[in-house]
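# Reading the structure
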Amino acid sequence: MGGGRAVACAAMAPPSDPPRYDPQSFEERWVATWEREGAHAAPEHPDPRRKRYVLEMFPYPSGDMHMGHVENYSIADAIARQWTMLGHDVLHPMGYDAFGLPAENAAISRGVHPKEWTFANIERMRRSQMRLGFSYDWDRQVISADPAYYRWNQWIFLKLLERGLAYRKTAPVNWCPVDKTVLANEQISAGVCWRCGSVPEVRDLAQWFLKITDYAARLLDDMDILDWPDQVLVQQRNWIGRSRGAEVTFEVVPTRPTGSKLPPVSYPVFTTRPDTLWGATFFLLAPEHPFAAELVAGTEYEAPFTKFLAEVRSQTEVERMSSERVRHGMALPAVAVNPVNGDEIPVWTADYVLSHYGTGAVMAVPAHDQRDFEFARTHAIPIRVVVEPEVPEELDPDTMTAPYLGPGVLVHSGPFTGTVVFPDTGVGIDKVIAWLEAEGKGKGSVNYRLRDWLMSRQRYWGTPIPIIYCPIHGEVPVPEEALPVLLPDQADYTPTDDAVGPLANATEWVNTVCPRCGGPARRETDTMDTFFDSSWYFLRFCDPHIETAPFTPEAVTAWCPVDQYVGGIEHAVMHLIYARFFAKAFQDMGMLSFPEPFLRLFNQGSISMGGKAMSKSRGNVVEASAAAERYGADSARLFILFCSPPGAAYDFPADGLEEIGRVAFSWLSRVWRVLSDTAPDPAGPVPQELQRAVHKTVKAVTDDFETFSFNTAIARLMELLNAFSKAGGPVPRPAAETFLKLLAPVAPFITEELWHGYGNEGSIHKQSWPTYDEALLAAEHAVMVIQINGKVRDTVEVPVGITSEEMQEIALDREKIAAVLDGKAPTKIVTVPPRLVNLVVP
Ligand SMILES: [Zn+2]
Ligand SMILES: [Zn+2]
């Protein structure tokens, strides 16, 4: 329904009519009353059949809220409020993802401490959220930069370490030269740093990783139980990247022209296309593969290899894998023996082979692989076709301009010549795998694209990693009873270029003693990726004050998993993968009884202004507090839910604030005027036609809420308001109250004020959601029978109030009728509104 905006403009009315809608006169009063009465407190012991957990992704406190935040929170709040009215026990908490780079960067540029800056922002944001009337259980607020919270980050880290799910390793990692820290692969989007957009460098650094790869299969398989947008599921599936195939062992035999002797080595390689084994014409080792360096050591290959390796290492993985580049590489002094036919093929190294994909070695089949094809053409390596399309079509290795990737029949493939293969479904390929296993030449295997999560950062404003380095005992975990390791309140937190975190400057803090031997030792100076903090915060909300555990099984079992999660699509392969991993790891540790943290996910559309994301520095922001001050919180909330379907993008016009006035404030003014004038007798009869309009609206709005189509729900309420006006006179009280209940989740203040204005006790937000009478709705339509010469030819549903003329028109328009008439015009038409039309033809 795109017509929402037009309806709003049509609904505009002269603003001068009394009584005047003045949200400032009552909105803040209701904020205070709701807080005083604990109106949004979740019940201590929810009924397991009726519990509902509604959650927004916990925000980064960057300053005041803008309309993008308002959208996110208004959606979740409308859901939470309606679910409460439907009789559910609702948990709707709020907290702050308070550690991280932006706070630190802002603090550095302003000369304030990150802590001061962050906590001041939290206060502002929280005030705005309260002013807008979001129904958060504020008693459960969680702030990740609070030691009461981050001590549990450290505790969880130690548990992961105990289980072998956390480890430290020296590896080539992505270093952001601007943010001066390493990044996880998930935090590089389209080859650049997700925060600052600069191209990361590759550096060899000892870093902490979390073994998310252990969960790759479950992360994929459990997607079946998620009611999430397809777009997010597809992104996660691709990110995890499962490929099925076989591991086949090649023998690599050095053919060293100079230097010492080196024995042959057996190398397993992973391939998704074992059916093309007979087409392998060369063998590739990743440049970083230790065996590559061994092969060239002391030979004439050594110098060019060293140069090549340096070039490769200056590039990110994304660059190396890019499809728009020349494939670089060099021959190595070795041959590989193909186990299926004994062929000796040359061994090369190439930039597009990654050391951590599979075994860091691959068989190259240029006729049937894109990158191998490009490499073979660049380096004049022979190509051998082993799959031919079923429709006879000669693929000539000398002239083909692209590899053949489709299904076909195997040729020149030993015992499999003549076998039909379908690469997409694995048909035919499974036979080859079975044969490899029987012959002892290989085995079926699965490979993933997902890499372990690099979680250490060389920045100050984060959770200290609870590790101590002892010259004798190496990495020693901080004992549980010594947690939290407090972040020192140091003055110098400028990041450095040398990959040593600024915490290294906190000499007194860094120098400590080894928990094992009591000798001098040093603390880990890296902090945690803040995505660690957000991977489990939703569990803490169930039990926010407990001091002996991150959460208790009882509280978590009572509320989790989250029934409805609302947040941005940009977290598809970051937060949403990490949090799923944590839930599974916790389940394995016996801390949780369920594998998935968020059952349903809704991605709100992006909110922009002038085509660009709202940003204070660009000056294209509509701030929530400004909107509330000028037009009231209800106008801001209603506008953002009405301006576009909640899942679609919306771009504010240049005078964004005024647009809220034109659309939302003017309509709410009319609601105020029309519904202030109600028939005082609540038992007064509602005219039949109005009654139907009300029931129809209840049904439509209820349906719209189920699909979060708040814009159409509001449009229906606009229609109902028009019906009230059209009926003239005071609105019957029961009809007015139903209207207010339907509007309450979207505009909580005006509805509460009018509700109490009618003399009602208790909050409108605790009333039951209106129901409708199916029979009353059914009566609105009748089945019209269309006859030709007395014979029934068609039926159609029509409104009960239809006229004879309209009936004739509909009848003649029907396809079936036109077919029977076959161009003949009826000589006579008999109508019995609304049930019967009879066409008489000669
Ligand atoms: Zn960056
Ligand atoms: Zn020690």
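Throughout this document, residue positions are counted from 1 along each chain, in the order its sequence is written. Here every chain gets a letter starting at A, and every ligand a number starting at 1, in the order they are written. With the structure being a predicted model, the display of local features is reserved for residues of pLDDT at least 70 and the display and counting of side-chain atom pairs for 80 or more, all residues being used for whole-chain, interface and lining totals. No hydrogens and no water enter the side-chain calculation; it runs on all heavy atoms of the structure.

### Let's talk about the pairing of strand E13 (residues 329-337)
- Whether two strands pair depends on DSSP finding at least two bridges between them. Here a strand is any run of E in DSSP of at least two residues, a helix any run of H or I of at least four, and the numbering for each starts at the N terminus. Where strand E10 (residues 242-254) meets E13, four bridges bridge the pair, whose relative direction is antiparallel. Of the residues in E13, the one forming a bridge with Pro-254 is Ala-334.
- By the bridge criterion, six bridges tie E13 to strand E14 (residues 344-350) in an arrangement that is antiparallel. Note that in E14 the partner of Ala-331 across the bridge is Trp-348.
- The hairpin turn running from E13 into E14, its antiparallel successor, is six residues long, and Gly-342 in that turn takes a positive phi close to 75°.

### A few points about the coordination of the zinc ion (ligand 2)
- We call an atom a donor if it is N, O or S and sits within 2.8 Å of the metal, or 3.2 Å for Na, K and Ca. Water is not counted, so some sites may look partial. Protein coordination at the zinc ion (ligand 2): the donors are Cys-470 (SG), His-473 (ND1), Cys-514 (SG) and Cys-517 (SG), at 2.1 to 2.4 Å from the metal.
- Note on geometry labels: four donors, all angles 85 to 135 degrees, give tetrahedral; four donors become square planar and six octahedral when opposite donors are over 155 degrees apart and every other angle is between 65 and 115; remaining cases are irregular. If you look at the zinc ion (ligand 2), its four donor atoms make angles of 104 to 116° with each other, and the shape they trace is tetrahedral.
- In primary sequence terms, the donor set of the zinc ion (ligand 2) follows C-x2-H-x40-C-x2-C.

### Description of the packing of helix H20 (residues 633-642) against helix H21 (residues 656-676)
- Packing of H20 against H21 brings their axes to within 9 Å, and their N-to-C directions diverge by 110°. Taken together, the axes of H20 and H21 lie roughly perpendicular to each other. On the side of H20, the interface is formed by Asp-634, Ser-635, Ala-636, Leu-638, Phe-639 and Phe-642, while H21 contributes Glu-659, Ile-660, Val-663, Ala-664, Phe-665, Trp-667 and Leu-668. For every element, the axis is a line fit to its C-alpha atoms; helices are fit only across the contacting stretch, and the angle between N-to-C directions ranges from 0 to 180 degrees. Angle categories are assigned with fixed cut-offs, so that under 35 degrees is roughly parallel, over 145 is roughly antiparallel, 65 to 115 is roughly perpendicular, and the rest are oblique. The contact definition used throughout considers only heavy atoms, calling two residues in contact when any of these lie within 4.5 Å.

### With respect to a nonpolar patch on the surface
- Patches in this entry comprise residues that are over 30% relatively accessible and not in a salt bridge; like charges within 9 Å are linked, as are nonpolar side chains (Val, Leu, Ile, Met, Phe, Trp, Tyr) within 5 Å. Per-residue and other accessible areas follow the Shrake-Rupley method at a 1.4 Å probe size, with only the shown protein chains counted as cover for residues. For salt bridges, the criterion is a side-chain nitrogen of Lys or Arg within 4 Å of an Asp or Glu carboxyl oxygen. A surface patch of nonpolar side chains, amounting to about 210 Å² of accessible area, comprises Val-420, Phe-422 and Val-427.
- Of the residues examined, Val-427 reaches a relative accessible area of 40% and is grouped as partly exposed. Classification of residues uses two cut-offs on accessible area relative to the type maximum, computed with a 1.4 Å probe and protein chains only: under 20% is buried, over 50% is exposed, and between them is partly exposed.

### A word on empty space enclosed by the protein
- Here a cavity denotes grid points, spaced 1 Å and computed from the protein atoms alone, that fit a 1.4 Å probe unable to get out, and a pocket denotes an open set having protein on both sides within 12 Å along at least 5 of 7 lines; residues with an atom within 4 Å of a point are the lining. Grid points are joined across faces, edges and corners, and a volume is the space filled by probe spheres set on the points. Across all of its chains, the model carries two cavities of 30 Å³ or more by this definition.
- As a volume, the largest cavity reaches approximately 170 Å³.
- Looking at the lining of the largest cavity, the elements with two or more residues in it are helix H4 (101-110), strand E6 (181-183), strand E26 (527-528) and helix H15 (530-533).
- The biggest single contributor to the lining of the largest cavity is E6, with three residues.

### Notes on helix H12 (residues 370-378)
- The complete set of buried residues in H12 reads Asp-372, Phe-373, Phe-375 and Ala-376. Looking straight down H12, one finds its buried side chains confined to an arc of 165°; they lie on one side.
- On its buried side, H12 packs onto strand E12 (282-285), E13, E14 and strand E15 (361-364).
- The opening residue of H12 is Asp-369, an N-cap whose side-chain oxygen sits 3.0 Å from the backbone nitrogen of Arg-371.
- Count one or two residues on from H12 and you reach Ala-380, which has phi positive near 55°. It is the directions from the helix axis to the C-beta atoms whose arc is reported. In protein, a polar contact means a hydrogen-donor-capable atom and an acceptor-capable atom, both N or O and within 3.5 Å, with residues adjacent in sequence counting only if both atoms are side-chain atoms; elsewhere, any N or O pair within 3.5 Å suffices.

### Observations concerning the packing of H21 against helix H25 (residues 748-757)
- H25 packs onto H21 with a crossing angle of 10° between their chain directions and a minimal axis gap of 11 Å. Considering their axes alone, H21 and H25 lie roughly parallel with respect to each other. Across the interface between the two elements, Leu-668, Val-671, Trp-672, Leu-675 and Ser-676 of H21 pack against Ile-750, Glu-753 and Leu-754 of H25.
- Note on residue classes: Ala, Val, Leu, Ile, Met, Phe, Trp, Tyr, Cys and Pro are nonpolar, Asp, Glu, Lys and Arg are charged, and everything else, Gly too, is polar. Of the residues belonging to the contact of H21 with H25, the class tally is six nonpolar, one polar and one charged.

### Re unusual backbone geometry
- Cys-560 connects to Pro-561 through a cis peptide bond whose omega is -5°.
- Mapped onto the secondary structure, Pro-561 falls in the loop between helix H17 (553-559) and strand E27 (564-567).
- With an omega of -5°, the peptide bond between Pro-833 and Pro-834 qualifies as cis.
- Not every positive phi belongs to a glycine, and Ala-499 is a case in point at roughly 65°.
- Relative to the helices and strands, Ala-499 resides in the loop between strand E23 (474-477) and helix H14 (507-510).

### Some remarks on the sheet that holds strand E5 (residues 166-176)
- Strand order in the open sheet formed by four strands is E6-E5-E9-E20, and the pairing between neighbours is antiparallel. Strand pairing shows two members of the sheet lacking a second neighbour, E6 and strand E20 (453-454), which therefore form its edges.
- Where E5 and strand E9 (residues 201-210) come together, 10 bridges link them in antiparallel fashion. Its bridge partner being in E9, Asn-174 is matched across the sheet by Val-202.

### Thoughts on the coordination of the zinc ion (ligand 1)
- With distances of 2.2 to 2.3 Å, the protein atoms coordinating the zinc ion (ligand 1) are Cys-176 (SG), Asp-179 (OD), Cys-193 (SG) and Cys-196 (SG).
- For the zinc ion (ligand 1), the four donor atoms in the first shell make angles of 99 to 123° at the metal, so the coordination geometry reads as tetrahedral.
- Within one chain, the residues donating to the zinc ion (ligand 1) are spaced in sequence as C-x2-D-x13-C-x2-C.
- Given the relative accessible area of 0%, Cys-176 is considered buried.

### Description of the nonpolar core
- Side-chain atoms within 4.5 Å link the members of a nonpolar core, which is a set of buried Ala, Val, Leu, Ile, Met, Phe, Trp, Tyr and Cys residues. Core analysis: the largest hydrophobic core is formed by 193 residues, its most contacted members being Met-67, Trp-453, Phe-652, Leu-675, Phe-724 and Phe-739.
- In terms of nonpolar packing, the next biggest core, distinct from the first, is built from 58 residues, Val-340, Val-347, Phe-373 and Val-387 among them.

### Examining the packing of aromatic side chains
- Stacked, tilted and edge-to-face pairs are distinguished by plane angle, under 30 degrees for stacked and over 60 for edge-to-face with tilted covering the rest, among Phe, Tyr and Trp rings (Trp via its six-membered ring) whose centres lie within 6.5 Å. The tally for this structure, following the rule as stated, stands at 52 aromatic pairs.
- Between Phe-26 and Trp-672 the ring centres are 5.5 Å apart and the planes differ by 10°, which places this aromatic pair in the stacked class. Here Phe-26 is found in the loop between helix H1 (4-10) and helix H2 (27-36), whereas its partner Trp-672 is found in helix H21, with 646 residues between them in sequence. The pair formed by Phe-26 and Trp-672 is uniform in burial state, with each residue classed as buried.

### What about the environment of Arg-244?
- Its place among the elements puts Arg-244 in strand E10.
- You can call Arg-244 exposed: its relative accessible area is 57%.
- Those residues in contact with Arg-244 that lie beyond four places of it in its chain are Phe-270, Thr-272, Ser-445 and Val-446.

### Notes on the side chain of Asn-760
- Within the secondary structure layout, Asn-760 lies in the loop between H25 and helix H26 (774-778).
- Within the local environment of Asn-760, its side chain forms a polar contact with the side chain of Glu-737, the two groups lying 3.0 Å apart.

### Re the sheet that holds strand E31 (residues 650-652)
- Ordered by their spatial adjacency, three strands build an open sheet running E30-E29-E31, and the pairing between neighbours is mixed. The open sheet has two edge strands with one neighbour each: strand E30 (612-613) and E31.
- Direction of pairing for strand E29 (residues 607-609) relative to E31: parallel, over a ladder of three bridges. In the strand pairing of E31, Ile-607 is matched with Tyr-650.

### Brief notes about the environment of Val-202
- Along the chain, Val-202 falls in strand E9.
- With a relative accessible area of 23%, Val-202 lands in the partly exposed category.
- When the C-alpha positions of Val-202 and Glu-317 are compared, they lie 8.7 Å apart, and in sequence the two are 115 residues distant.
- Residues in contact with Val-202, not counting those within four places in the same chain, are Pro-172, Val-173, Asn-174, Arg-313, Gln-315 and Thr-316.

### So, the pairing of E15
- A two-sided burial pattern is seen for E15, the buried positions comprising Ala-361 and Met-363 on one face and Val-362 and Ala-364 on the other.
- Taken together, the four bridges between E12 and E15 define a ladder with antiparallel strand orientation. Its bridge partner being in E15, Leu-285 is matched across the sheet by Ala-361.

### Observations concerning the confidence of the model for the chain
- Confidence of the predictor in every single residue is expressed as pLDDT, which spans 0 to 100. Predicted confidence across the chain gives a mean pLDDT of 91, with 96% of residues reaching 70 or more.
- Between residues 1-17, whose pLDDT stays under 50, and residues either more than four places distant or in other chains, the model counts 21 contacts.

### Re the pattern of salt bridges
- Evaluated as defined, the whole model comprises 39 salt bridges.
- Through salt bridges with shared partners, one network takes in Asp-47, Arg-49, Arg-50 and Asp-89.

### Some details on the environment of Lys-741
- By the element assignment, Lys-741 lies in helix H24 (residues 733-743).
- A relative accessible area of 17% means that Lys-741 is categorised as buried.
- Linking Lys-741 and Val-386, residues 355 residues apart in sequence, is a C-alpha distance of 70 Å.
- Discounting chain neighbours no more than four positions away, the residues touching Lys-741 are Met-85, Trp-755, Ile-764, Gln-767, Ser-768, Trp-769 and Pro-770.

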